[in-house]
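# Working through the structure, step by step
Residues per chain, in single letters:
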Amino acid sequence: MLQAIFMLRQEKRETKMNEVISPETVYLEYRDKVTRYVSGKVRKREDVEDIVSLIFTKVCDKFSCFDRSKASVSTWIYTITRNTVTDWMRIRKPFCELSENIYNADDIDAGILKEEALEELAKQLEKLREREREVIVLHYYGGYTLKAISEKLGMSYISVKVMHKSVLTKLKSAFDWH
């Protein structure tokens, strides 16, 4: 009994292997499966239709090259489907132009160093006397000239210039700049 069942199954396999298939029968048999597969990968219905159409165009074009001894029809169709979807996704991969404000690794390192330097500068400015700090802040952050600072603070121009020079010397030595 078991042997009879085995022989029936074997006959079905052989007739399936020897069965003559055409692109039309492949399309009718695999259209829904291919559409479901593509729908699982692609969101837009129009794109799904375009991809399925492209897949079956490839199937028709390459149908004469199909060799049943190498793979089953379903494996062949699945391979074409998978490769076509992958190509489609690769080509239509969303992209955006990179802004000029995006920094590379060197810029990030420089930014971190700059941030650390600014923190150290703030600490050093706190150590200065109030008048010295005012001269530096007004000149470098306020954009005032030394002459304008002297008038604003009621000091002589020479005093402001000497104070500015001595404060810069202190700050440079604190940062070990030589």
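Everything numeric in this text was worked out from a predicted model, so none of it was measured.

Conventions used here
Residues numbered from 1 in each chain as written. Predicted model: local features only at pLDDT ≥ 70, side-chain atom pairs only at ≥ 80, totals over all residues. Heavy atoms only, no water. Core = buried A, V, L, I, M, F, W, Y, C linked by side-chain atoms within 4.5 Å. Buried < 20%, exposed > 50% of the residue type's maximum accessible area, 1.4 Å probe, protein only. Helix = DSSP H or I, 4+ residues; strand = E, 2+ residues; numbered from the N terminus. Contact = heavy atoms within 4.5 Å. Axes fitted to C-alpha atoms, helices over the stretch in contact; angles between N-to-C directions. Parallel < 35°, antiparallel > 145°, perpendicular 65-115°, else oblique. Left-handed = near helix turned anticlockwise from the far one by under 90°. Nonpolar A, V, L, I, M, F, W, Y, C, P; charged D, E, K, R; others polar. Salt bridge = Lys/Arg side-chain N within 4 Å of Asp/Glu carboxyl O.

## Some points on the nonpolar core
- If you look at the biggest cluster of nonpolar residues, it comprises 19 residues, and the most contacted ones within it are Val26, Val34, Val38, Val59 and Ile77.
- Where this core is concerned, the elements lending two or more residues are α2 (23-41), α3 (45-62) and α4 (73-91).
- The residues contacting valine 26, other than those within four sequence positions of it, are Ile21, Arg31, Phe56, Val59, Phe63, Val73 and Ile77.
- Core analysis: the next-biggest nonpolar cluster, separate from the first, contains 15 residues, Leu121, Leu125, Leu128 and Val135 among them.

## Focus on the packing of α3 against α4
- In the contact formed by α3 and α4, the axes pass within 10 Å of each other and the chain directions differ by 130°. The angle between α3 and α4 falls in the class oblique. Where α3 crosses over α4, the two elements pack in a sense that is right-handed. Where α3 abuts α4, its residues Asp47, Ile51, Leu54, Ile55, Lys58, Val59 and Lys62 lie against Trp76, Ile77, Ile80, Thr81, Thr84, Val85, Asp87 and Trp88.
- Residue classes in the contact of α3 with α4 are distributed as 9 nonpolar, 2 polar and 4 charged.

## Description of the pattern of salt bridges
- Scanning the entire structure with this criterion turns up 6 salt bridges.
- The closest approach of N and O atoms between arginine 45 and glutamate 49, which form a salt bridge, is 3.7 Å. Here arginine 45 and its partner glutamate 49 are both found in helix α3, 4 residues apart, which amounts to about one turn of the helix.
- The exposure class assigned to arginine 45 is partly exposed, which follows from its relative accessible area of 47%.
- What makes glutamate 49 partly exposed here is its relative accessible area of 45%.

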